[in-house]
Amino acid sequence: MNDGIIIQARSGSTRMPAKILKPFEGKQRIIDIIIDNIVRDCPERTIVLATTANSADDILESVAYEHGIQCFRGPEDDVLARFIGAAEKFSIDRIIRVCSDNPFLQTVSFEPMFKTHNENATDYLAYGFPDGRPTIKSHLGLYAELTTADALCRAWAASEEKLYREHVTIYLYTHPKDFSIHLMPLPDFLQNRTDLRLTLDTPSDFKLLSELYHIHKNETDGTLTALVSLIDSNPAYGKIMKQNIVQNEK
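This report concerns the structure included in the present document. (Residues numbered from 1 in each chain as written. Predicted model: local features only at pLDDT ≥ 70, side-chain atom pairs only at ≥ 80, totals over all residues. Heavy atoms only, no water.)

## Observations regarding the layout of surface pockets
Volume-wise, the largest pocket comes out at about 1,100 Å³. Listed by contribution, the elements that provide at least two residues to the lining of the largest pocket are helix H3 (79–89), strand E6 (94–99) and helix H7 (170–173). Looking at side-chain class alone, the lining of the largest pocket contains 12 nonpolar, 15 polar and 14 charged residues. By volume, the second largest pocket is sized at about 380 Å³. Lining the second largest pocket are 20 residues, and of these Asn37, Gln106, Tyr213, His216 and Gly222 sit closest to its centre. The set of elements that each furnish at least two residues to the lining of the second largest pocket consists of helix H1 (30–41), helix H8 (203–219) and helix H9 (224–233). For the lining of the second largest pocket, the element with the highest residue contribution is H1, accounting for four residues. Taken together, the residues of the lining of the second largest pocket sort by class into eight nonpolar, eight polar and four charged. (1 Å grid on protein atoms, 1.4 Å probe; cavity = no way out; pocket = protein on both sides within 12 Å on 5 of 7 lines; lining within 4 Å. Points joined across faces, edges and corners; volume = space filled by probe spheres on them. Helix = DSSP H or I, 4+ residues; strand = E, 2+ residues; numbered from the N terminus. Nonpolar A, V, L, I, M, F, W, Y, C, P; charged D, E, K, R; others polar.)

Here you go:
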């Protein structure tokens, strides 16, 4: 199997346009942070930035080439077709899907995900909560998802509904009778932390997460436990996260 990591990215956003291209930590943008971390932790994998064919996203194609990774451009709204096109162009069989608005994404988890899939070859693999929800259905923003090009093609053929074309993997995990699903357990200290919001949609998210990122990078040992402890040490962080979770319900 040819394994790849496909990063979903576009500059357009109704809540915060070009959020992944704004300075986030010094001169680094969120897209820079995510790509650098993936390249560091998965040097042997094919890495593709999948963006839209819109001229506004020419800059993202440039970003991909600046970092020495591949780029694929496809439909803006049919994101599922964009992923299938990227997989076909670069002959990727197994895909880790990355959302580009998660600056704290745990790229160190990617190789363990591939290893788990080697031992349990399902259509969809992700980290999940004890209640059976994959983390993509939360605001956690720490983990990616693994699927196969074959599963995505089957999902695309199964429905033309807008929801399933805009959200790449949702058809898979909402149709467990048609697709095999495996959820990996979260670390114990995260299993019930549905109150954490480390994904970025709005200016409020951006302000909070950039502050957290700077402190976590410069004043802690950089571990995930240190990040959670940092959040828990300041009630104001939790309050803002809870407000943003309510206002941006998934």
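## Describing empty space enclosed by the protein
As enumerated under the stated definition, the model contains one cavity of 30 Å³ or more in all. Counted as a void, the largest cavity has a volume near 40 Å³. Taken together, Arg97, Val98, Cys99, Asn102, Leu105, Ile136, Tyr143, Ala144 and Glu145 form the lining of the largest cavity. For the lining of the largest cavity, the element with the most residues is E6, which contributes three residues. Taken together, the residues of the lining of the largest cavity break down into six nonpolar, one polar and two charged.

## Comments concerning helix H5 (residues 149–158)
The complete set of buried residues in H5 reads Ala149, Ala151, Leu152 and Ala155. Looking straight down H5, one finds its buried side chains confined to an arc of 160 degrees; they lie on one side. (Buried < 20%, exposed > 50% of the residue type's maximum accessible area, 1.4 Å probe, protein only. Arc of directions from axis to C-beta.)

## Describing the sheet that holds E6
Overall, mixed pairing links the seven strands, which are arranged E5-E4-E1-E6-E8-E7-E9 in an open sheet. On the outer flanks of this sheet lie strand E5 (70–74) and strand E9 (181–185), each paired with one strand and no other. With strand direction ignored, the average angle separating the axes of adjacent strands in the sheet is 25 degrees. Summarising the sheet, strand E7 (residues 124–128) and strand E8 (residues 145–148) pair through three bridges and their orientation is antiparallel. Note on E8: the bridge partner recorded for alanine 126 is glutamate 145. Sitting on the sheet, H5 is in contact with E6 and E8, with an inclination near 80 degrees to E8. (Pairing = 2+ DSSP bridges. Axes fitted to C-alpha atoms, helices over the stretch in contact; angles between N-to-C directions. Contact = heavy atoms within 4.5 Å.)

## Some points on helix H4 (residues 110–119)
Among the residues of H4, those classed as buried are Phe110, Met113, Phe114, Thr116 and His117. For H4, the angular spread of the buried residues around the axis is 160 degrees, confining them to a single face. With respect to the buried face of H4, the exposed residues turned more than 90 degrees away are Lys115, Asn118 and Glu119.

## Some details on the packing of aromatic side chains
Per the counting criterion, the structure on display carries seven aromatic pairs. Relative to tyrosine 213, the ring of phenylalanine 24 lies with its centre 5.5 Å away and its plane at 65 degrees, an arrangement referred to as edge-to-face. One end of the pair, phenylalanine 24, is in strand E2 (residues 23–25); the other, tyrosine 213, is in helix H8, and 189 residues separate them in sequence. Per residue, the accessibility class of phenylalanine 24 equals that of tyrosine 213, and both read buried. In this structure an aromatic cluster arises from ring pairing among Phe24, Phe104, Phe206 and Tyr213. Between arginine 45 and the ring centre of phenylalanine 114, over which it is positioned, the NZ or CZ distance is 4.3 Å. (Phe/Tyr/Trp six-rings, centres within 6.5 Å; stacked < 30°, edge-to-face > 60°. Lys NZ or Arg CZ within 6 Å of the ring centre and 35° of its normal.)

Taken by themselves, the reported measurements are silent on function.
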